[in-house]
Amino acid sequence: MRVAAFETCADKDSVNGTNCSIITAAKYLDLFKRVQRRTTRMITVLEHLSYEEKRREEKRREEKRREEKRREEREKRREEKRREL
């Protein structure tokens, strides 16, 4: 989940801006907590490795993440084609 840097609530159904601000702040807090947990896990896994090994592991994880994203995009396109037919 990505949250826009300056998200506004004009498009959302809200009674007033305060409720929307609270919701937006909660999204940012949730995003921050998830990033913090992931970073903490990564550090504990990699702390025994040398700098070069850490860089290799980081590159490997990034490639894996990219491949998963590509796979998801391919599946999404296939599903859209199926719906068109």
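This one's a predicted model, so the numbers in the text were calculated from it and none came from an experiment.

Reading the values: the criteria
Throughout, a residue's number is its position along its own chain's written sequence, starting from 1. In keeping with the model being predicted, local features are shown solely for residues with a pLDDT of at least 70 and side-chain atom pairs are shown and tallied solely at 80 or more, while totals for entire chains, interfaces and linings include all residues. For the side-chain quantities, the full set of heavy atoms in the structure was used; hydrogens and water were omitted. Here a helix means four or more residues in a row that DSSP labels H or I, a strand means two or more in a row labelled E, and each is numbered from the N terminus. Each residue's exposure class comes from its accessible area (1.4 Å probe, protein chains only) as a fraction of the maximum for that residue type: buried when under 20%, exposed when over 50%, partly exposed otherwise. In short, Shrake-Rupley with a 1.4 Å probe defines the accessible areas, and a residue's cover is counted only from the protein chains shown. Think of a patch as exposed residues, more than 30% relative accessible area, with no salt bridge, where like charges cluster within 9 Å and nonpolar side chains (Val, Leu, Ile, Met, Phe, Trp, Tyr) cluster within 5 Å. Definition used for salt bridges: Asp or Glu carboxyl oxygen within 4 Å of a side-chain nitrogen of Lys or Arg. Charged residues are defined here as Lys and Arg on the positive side and Asp and Glu on the negative side; His and the ends of the chain fall outside this count. By convention, the charge on Lys lies at NZ, on Arg at CZ, on Asp at CG and on Glu at CD. Note on scores: pLDDT gives the predictor's confidence for each residue, bounded by 0 and 100. Contacts are assigned to residue pairs that have any heavy atoms within 4.5 Å of one another.

Trainee: Hey, could you run me through the overall build of the protein chain in this one?
Mentor: Across its full length, the protein chain carries two helices and zero strands. Counting every position in the protein chain, which comprises 85 residues, the buried fraction comes to 7%. In the form shown here, the protein chain has an accessible surface area of approximately 8100 Å², with 52% of it arising from carbon and sulfur atoms.

Trainee: Sorry, what's going on with a positive patch on the surface here?
Mentor: Together, Lys33, Arg37, Arg38 and Arg41 make up a region of like positive charge exposed at the surface. Mapped onto the secondary structure, Arg41 falls in helix H1 (residues 17–46).

Trainee: Please explain the pattern of salt bridges as it appears in this structure.
Mentor: As a working rule, side chains carrying opposite charge can pair if their charged atoms are close by. Counted under the stated rule, the structure contains twelve salt bridges. Ionic pairing is found between Arg55 and Glu58, a salt bridge with its closest N-O pair at 3.6 Å. Here Glu58 and Arg55 lie together in helix H2 (residues 51–84), a separation of three residues that amounts to about one turn. We classify Arg55 as partly exposed; its relative accessible area is 35%. Between Arg74 and Glu67 there is a salt bridge, with the nearest N and O atoms lying 3.5 Å from each other. Using a relative accessible area of 31% as the deciding quantity, one classes Arg74 as partly exposed.

Trainee: Help me understand the confidence of the model for the protein chain in this model?
Mentor: One rule of thumb: low pLDDT means the predicted coordinates there are not for detailed reading. With 76% of its residues at a pLDDT of 70 or more, the protein chain has an overall mean of 79. Within the model, the stretch residues 1–7 combines pLDDT values under 50 with 14 contacts to residues more than four positions away or in other chains.

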